[in-house]
Amino acid sequence: MELVILGSSAATPIRERNLSAIGLRYRGDLILFDCGEDTQRRFIEAGLKLNKSLIICITHFHADHIIGLPGLLFRFALIERNASLRIFGPRNLFLYLYLHKKILGLRTDYNLIIYEIDHENNQLIQYHGLESEPPIDKIDIENGVIFEKNRYFLKYALMKHSITTYGYAFVEKPRYGKFHPERAQDLGIPESNLWKTLQTGKSIKYQGRIINPIKEGIVDNERPGRKITYSGDTAPCQSLIELGKDSDLLIHESTFAKKLSDIANEKLHSTSVDAAHDAVKMNAKKLILTHISARYQEEAQKLLEEARAIFPNTFLAQDLMTIKIE
Ligand SMILES: [Zn+2]
Ligand SMILES: [Zn+2]
């Protein structure tokens, strides 16, 4: 599992920093959080493939988080993409993309599903492709879970910003414990489908005997899954703390330094110190500061120092930086 920073600037791009976009690679899937202007360029620079199954989670409709989305979809049309694409975001996400089809002729000849999160009604509104009269399904949301696959799920929560904004969490399901094939061999169990069952921690019946792989030391105890949380734009809020509880990695906006906390409060953004306090409150293991105001270029290090004084395991996002999540 690996995080790739594609854009880490707030509001305006600078030479070293593109606008918000962060990719999470997990077992052949790519989950992209936000899609700032020109994300397609960073996508290529980061070596990400254009024709692979992709999930995009848009936090809100401020231009610096969304303008790159049509650009990326036009790029997909150019390469005749056929891999599936799911896009999550606030209400009007379908309309936003539909206008690009209607006015600019955007083609999406692949399996595209658009999900608008309707927080008030606790529902997902699902659109299949960009047809003019889309079939719309409504799905109830339980516990904030908006998407589930066999090994992980995605959750959202409402943040505290000047327009409707969602934070997202990637939650890996508990993983099977480490498998010790030599123990299975010691017990005389031949390499077969039985091994596959044992690897999942389930007991088997072998030669009339029930074998519990955990008790027999064939597999270790289940390992907790990993959790990555992305704040989007937000002032500190309780719903982010709950969403990100016990995260292995928290990616938190840090638009301003501590000195500009008045502006941060007024604009409903966070400072480096806010981000660090949130990491402490949610018991996160590691913090990445992103969405850095263009006013800090060399001085971005100062934001890092301020946060580290409170939460030492903090890092400053740099475009094209990758972070492995063990
Ligand atoms: Zn922003
Ligand atoms: Zn914003």
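Residues numbered from 1 in each chain as written. Chains lettered and ligands numbered in written order. Predicted model: local features only at pLDDT ≥ 70, side-chain atom pairs only at ≥ 80, totals over all residues.

With that settled, consider the overall build of the protein chain. Within the protein chain, the regular secondary structure consists of 10 helices and 20 strands. For 326 residues, the compact-globule formula gives about 20 Å, and the C-alpha radius of gyration of the protein chain, at 22 Å, lands near that figure. When the backbone C-alpha atoms are referred to their principal axes, the protein chain occupies close to 70 × 55 × 40 Å. Counting the 326 residues in the protein chain, one finds 39% classified as buried. (Helix = DSSP H or I, 4+ residues; strand = E, 2+ residues; numbered from the N terminus. Rg over C-alpha atoms; globule rule 2.2 N^0.38 Å. Buried ≥ 20, exposed ≤ 12 C-beta atoms within 10 Å, placed from the backbone.)

Across the sheet, which stays open at both edges, the nine strands sit in the order S9-S8-S7-S6-S5-S4-S3-S1-S20 with mixed pairing between neighbours. Looking at which strands have only one partner, the edges of the open sheet turn out to be strand S9 (136-140) and strand S20 (322-324). Direction aside, neighbouring strands of the sheet carry axes that sit 20 degrees apart on average. Relative to S20, strand S1 (residues 2-7) runs antiparallel, the two being bridged by three bridges. Counterpart to Val-4 in the pairing with S20 is Thr-322. Relative to strand S7 (residues 112-118), helix H4 (residues 93-104) is tilted by about 140 degrees, and along the sheet it contacts strand S6 (85-90), S7 and strand S8 (123-128). (Pairing = 2+ DSSP bridges. Axes fitted to C-alpha atoms, helices over the stretch in contact; angles between N-to-C directions. Contact = placed C-beta atoms within 7 Å.)

Let us look at the environment of Leu-93. Along the chain, Leu-93 turns up in helix H4. Placed 64 residues apart in sequence, Leu-93 and Asp-29 show a C-alpha to C-alpha distance of 22 Å. Residue contacts for Leu-93: discarding those within four places in its chain leaves Ile-58, Ile-87, Ile-114 and Glu-116.

Right, let's talk about the sheet that holds strand S10 (residues 145-148) for a bit. The seven strands are arranged S10-S11-S12-S15-S16-S17-S19 in an open sheet whose pairing can be described as mixed. Taken across any chain shown, the strands that pair with only one partner, and hence form the sheet edges, are S10 and strand S19 (314-316). With strand direction ignored, the average angle separating the axes of adjacent strands in the sheet is 15 degrees. Pairing between strand S16 (residues 249-253) and strand S17 (residues 287-290): four bridges, direction parallel.

So, on to the domain arrangement of the protein chain. Under the domain assignment used here, the protein chain contains domain 1 (2-175 + 224-324) and domain 2 (176-223). If you average the C-alpha positions of domain 1 and of domain 2, the two centres end up 40 Å apart. (Domains from an automatic or database assignment.)

Turning next to the packing of helix H9 (residues 272-281) against helix H10 (residues 300-308). Running from amino to carboxyl end, H9 crosses H10 at an angle of 35 degrees, the nearest separation of the two axes being 8 Å. When the axes of H9 and H10 are compared, the crossing they make is right-handed. For the pair H9 and H10, contact is made by Ser-272, Val-273, Ala-275 and Ala-276 and by Leu-303, Glu-306 and Ala-307, respectively. Of the residues that constitute the contact of H9 with H10, the class distribution is five nonpolar, one polar and one charged. (Left-handed = near helix turned anticlockwise from the far one by under 90°. Nonpolar A, V, L, I, M, F, W, Y, C, P; charged D, E, K, R; others polar.)

Time to look at the pairing of S6. Consecutive side chains along a regular strand alternate between the two faces of the sheet. Inspection of the sheet shows strand S5 (residues 54-57) paired to S6 by four bridges, in the parallel sense. Looking at S6, one finds that Cys-57 is bridged to Phe-88. In terms of strand pairing, S6 meets S7 through six bridges, oriented parallel. Bridged to Arg-86 within S7 is Ile-113.

Right, let's get into H9. Taken across its 10 residues, H9 has seven buried, putting it largely inside the fold. The set of residues buried in H9 consists of Ser-272, Val-273, Asp-274, Ala-275, Ala-276, Asp-278 and Ala-279. A positive backbone phi angle near 60 degrees is found at Asn-283, which sits one or two residues after H9.

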